[in-house]
Amino acid sequence: MTREEIAKLVEGSALSEEKKRELLNAMIDKGLTREVVDMIKEALDDEVIATMKEAGADITESAEFKEAEKEFVAEVEAASQELEEGMAEVQSEIKQVQQDAAKQLEEVQAEIIKEKIAE
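Here the residue numbers are simple positions, counted from 1 along each chain's written sequence. The predicted origin of the model limits local features to residues at a pLDDT of at least 70 and limits the giving and counting of side-chain atom pairs to 80 or more, whereas totals for whole chains, interfaces and linings rest on all residues. The basis for every side-chain value is the complete set of heavy atoms in the structure, and neither hydrogens nor water enter the calculation.

Q: How should the overall build of the protein chain be read in this particular structure?
A: In terms of helices and strands, the protein chain carries four helices and zero strands. Across the protein chain, helices and strands are ordered from the amino to the carboxyl terminus as α-α-α-α. Relative to the 2.2 N^0.38 estimate, which gives 14 Å for 119 residues, the radius of gyration of the protein chain is 24 Å and therefore markedly larger than a compact globule would have. The buried share of the protein chain, reckoned over its 119 residues, is 22%. Labels follow the DSSP assignment, with helices taken as runs of H or I lasting at least four residues and strands as runs of E lasting at least two, numbered in each case from the N terminus. The globule rule used for comparison is 2.2 Å times the number of residues to the exponent 0.38, while the radius of gyration itself is calculated over C-alpha atoms. Burial here depends on accessible area, computed with a 1.4 Å probe over protein chains only, as a share of the maximum for the residue type. Under 20% is buried, over 50% is exposed, and the range in between is partly exposed.

Q: What exactly am I supposed to notice about the packing of helix 2 (residues 17–30) against helix 3 (residues 34–54) here?
A: A pair of packed helices is captured by two measures, namely the crossing angle of their axes and the spacing between those axes. It is the contact of helix 2 with helix 3, at a shortest axis distance of 9 Å, that shows an interaxial angle of 165°. Considering the angle they form, helix 2 stands roughly antiparallel to helix 3. Handedness of the crossing formed by helix 2 with helix 3: left-handed. Contacts from K19, E22, L23, A26, M27 and K30 in helix 2 reach E35, V36, M39, I40 and A43 in helix 3. Axis definition: a line fitted to C-alpha atoms, over the contacting stretch in the case of helices. Angles run 0 to 180 degrees between N-to-C directions. Convention used here: angles under 35 degrees read as roughly parallel, angles over 145 as roughly antiparallel, angles from 65 to 115 as roughly perpendicular, and any remaining angle as oblique. Crossing chirality is assigned from the near helix's rotation relative to the far helix, an anticlockwise turn below a right angle marking it left-handed and a clockwise turn marking it right-handed. Pairs of residues are marked as contacts when any of their non-hydrogen atoms sit within 4.5 Å.

Printed below as a string of structure tokens:
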């Protein structure tokens, strides 16, 4: 799942508006870290469990629940890995841009010095 898909999942969930804001703000502030992913997973799990208990069923021990939980965890971990890889690539590009900018600045400074010497 991508970051956007996770955000849509949170927004479309039955969580309280306050909890949705808390989770979305955590995604913005901290990124899609393991801590944030765990917060989202726990909030969604708690909501599903509470809803089922209100209906008189405890599904937390069912095979279907455990399988769905495994699938969700796998999807979130894949999204987190994808985000980490993307961030590493962006950081690499930023470093290259900074190096290029520093080199250009040095060249400009050298030109200025050459022009002053030539005067």
